[in-house]
Amino acid sequence: PPGRRTREKILNRFYRPHHATLTAAVDAALERHGHCLVIDGHSFPSTPLPYEFDQSTDRTEICIGTDPFHTPEQLAREFEDGFRQAGFSVARDRPFAGALVPAAYFKRDRRIAAVMVEVNRRLYMDEATGERLAGFDGFAARLRSILAAIILAATSRGRHEPA
């Protein structure tokens, strides 16, 4: 593990600025709309890394991460159903769980809804080389379209506004 000084440098360079920006975006959404939806996007390897809790090799294409306080059941279902309807295999909180919420609001403010969307890397890259697959741009466009449709469905009821 990095030493204390290195850790502080990393926190100051990446973590703190990112979270300050996220908090400001959530603040703005709350001010403007009275509610906010945080979508935390990640990818995961097709085979588990040694540090991962879930060592199952049966990995879904899309993982929807949730938080008991910040992810209403209906919102989780909308994300799961949206990706399933688009033809993806989907699991909730497997292989990863949770959803990012700024610390100032975490477990304190239900106006902030959050969901994590994790994409299996085998869908868009050669994991051995790190190179993009030939269909990367089309896949990225498809993913944006699916997310836009899910967000539109979730926000059309007026419950959430993306940050």
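Residues numbered from 1 in each chain as written. Predicted model: local features only at pLDDT ≥ 70, side-chain atom pairs only at ≥ 80, totals over all residues. Heavy atoms only, no water.

Now for the sheet that holds strand β2 (residues 62-65). Strand order in the open sheet formed by four strands is β1-β4-β2-β3, and the pairing between neighbours is mixed. Edge positions in the open sheet fall to β1 (36-44) and β3 (90-92), since each of these has one partner strand only. Here the strands of the sheet are splayed against their neighbours by 20° on average, with no regard to which way each runs. With three bridges connecting them, β2 and β3 associate as parallel partners. Bridge pairing in β3 links I62 to V90. Helix α2 (residues 73-85) contacts β1, β2, β3 and β4 (112-120) of the sheet and is inclined by roughly 160° relative to β3. (Pairing = 2+ DSSP bridges. Helix = DSSP H or I, 4+ residues; strand = E, 2+ residues; numbered from the N terminus. Axes fitted to C-alpha atoms, helices over the stretch in contact; angles between N-to-C directions. Contact = heavy atoms within 4.5 Å.)

Glancing now at the packing of aromatic side chains. Evaluation of the coordinates by the stated rule reveals five aromatic pairs. Connected via pairs of aromatic rings, a cluster forms that spans F83, F88, Y124, F136 and F139. (Phe/Tyr/Trp six-rings, centres within 6.5 Å; stacked < 30°, edge-to-face > 60°.)

Once that is clear, we can look at the nonpolar core. Ranked by internal contacts, the top residues of the largest apolar core, which has 21 residues, are I62, I64, F79, F83 and F88. Breaking this core down by element, the ones donating at least two residues are β2, α2, β4 and α3 (136-156). Ranked by the residues each element gives to this core, the list is headed by α3, at seven residues. Residue contacts for I64: discarding those within four places in its chain leaves A76, F79, E80, F83, V90, A91, R92, D93, V115, M116 and V117. In this structure, A29, C36, V38 and A114 belong to the second largest nonpolar core, which totals 11 residues. (Core = buried A, V, L, I, M, F, W, Y, C linked by side-chain atoms within 4.5 Å. Buried < 20%, exposed > 50% of the residue type's maximum accessible area, 1.4 Å probe, protein only.)

Here we come to the side chain of H70. Locating H70 in the fold gives a position in the loop between β2 and α2. Dropping the residues within four chain positions of it, H70 is found in contact with V101, Y105, F106, K107, R108, D109, I112, A113 and A114.

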